[in-house]
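Notes for the structure review
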Amino acid sequence: MRIVRTIAGMRMLSRIGPVGLVPTMGVFHEGHLSLFRAARAECDTVVVSLFVNPAQFGEDEDLAHYPRDEERDLQLARDAGVDVLFLPAADELYPAGFQTWVDVEELSKPLEGEHRPGHFRGVATICLKLFNIVRPERAYFGQKDAQQAAVITRMVRDLDLEIDIRVLPTIRDTDGLALSSRNTYLTPDERKRALALPRALATKDPVRARALLNGLDVDYVEVAPFDPPVLAAAVRIGRTRLIDNVPLSGGDHE
Ligand code: AMP
């Protein structure tokens, strides 16, 4: 596996066959690994980017504390057959004077957008930059972040990018909690309380889901008209904010 830390280094790599890109923020779990494996199965060259993107964090969010474990991530990526791990530096991606942003206007407004102003502007911009640097034929995203997948799919269509966006099912722990790097923040007691989230969503009914989340600090529980439509929710457990969703049709995204 090649480890590349600069944009120039990434551009210099020789391209063999279709390239698949998996954008991540690291601390790999089975959710990430499922994307790596899908890319491995479908592409000749698998590139994983690991970049904790400051532009998608709000001022009062967890950027400084976001979990990191580069050594472990290197090993997991290597074991999953990743060809290139791209670890760019923030000051190269956002040089002094940076002022060009991608805003997927309507899809970025509700749900996460309402509670995390500017989040999707940061996500869309970094994804377009990574697409320009890596030039993949396919890019892989998790259904876990359904609104993110919808925003990126829309951006690719609106800006005529020649990239196939592949969205893969949410991977869950045996107790039903969707895997997330942020789960590492949860105390054992908080983790137990967090199980209300997948249980509520499993009803596929916003009214019943809201009732099951009663007593928790809920940002939203709503049906969102993505493709496929989802019942999506965000809750705060202690200082940790968790999001999850279940598709309401088109079963293969479960
Ligand atoms: P992150 O590192 O959290 O930014 O996630 C990188 C990619 O992995 C995104 O496309 C996420 O949607 C996806 N992902 C995160 N958690 C899961 C999960 N539990 N199942 C499937 N995909 C996931």
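In this text the structure is predicted, and so the values were computed from the model without any measurement.

Some remarks on the sheet that holds strand β3 (residues 45-50)
With parallel pairing, the six strands of this open sheet are ordered in space as β1-β4-β3-β2-β5-β6. Edge positions in the sheet fall to β1 (2-4) and β6 (164-168), since each has one partner strand and no second. The average undirected angle you get between the axes of adjacent strands in this sheet is 25 degrees. Inspection of the sheet shows strand β2 (residues 19-24) paired to β3 by six bridges, in the parallel sense. In the strand pairing of β3, Gly-20 is matched with Val-46. Relative to the sheet, helix α2 (residues 30-42) contacts β2, β3, β5 (138-142) and β6, its axis offset from that of β5 by approximately 155 degrees. Each of β2, β3, β4 (84-86), β5 and β6 touches helix α6 (residues 119-134); the most contacted strand, β2, lies at about 145 degrees to it.

Some words on helix α3 (residues 70-79)
For an α-helix, 3.6 residues make a turn, and residues three or four places apart therefore share a direction. Turning to α3, its buried residues number three or more, namely Asp-73, Leu-74 and Ala-77. The arc that holds the buried residues of α3, viewed along the axis, is 105 degrees, so those residues lie on one side. Turned more than 90 degrees off the buried face of α3, the exposed positions are Glu-71 and Asp-79. Those residues of α3 hidden inside the fold are in contact with β1, α2, β3 and β4.

Each value, and the rule that gives it
- Residues numbered from 1 in each chain as written.
- Predicted model: local features only at pLDDT ≥ 70, side-chain atom pairs only at ≥ 80, totals over all residues.
- Heavy atoms only, no water.
- Pairing = 2+ DSSP bridges.
- Helix = DSSP H or I, 4+ residues; strand = E, 2+ residues; numbered from the N terminus.
- Axes fitted to C-alpha atoms, helices over the stretch in contact; angles between N-to-C directions.
- Contact = heavy atoms within 4.5 Å.
- Buried < 20%, exposed > 50% of the residue type's maximum accessible area, 1.4 Å probe, protein only.
- Arc of directions from axis to C-beta.

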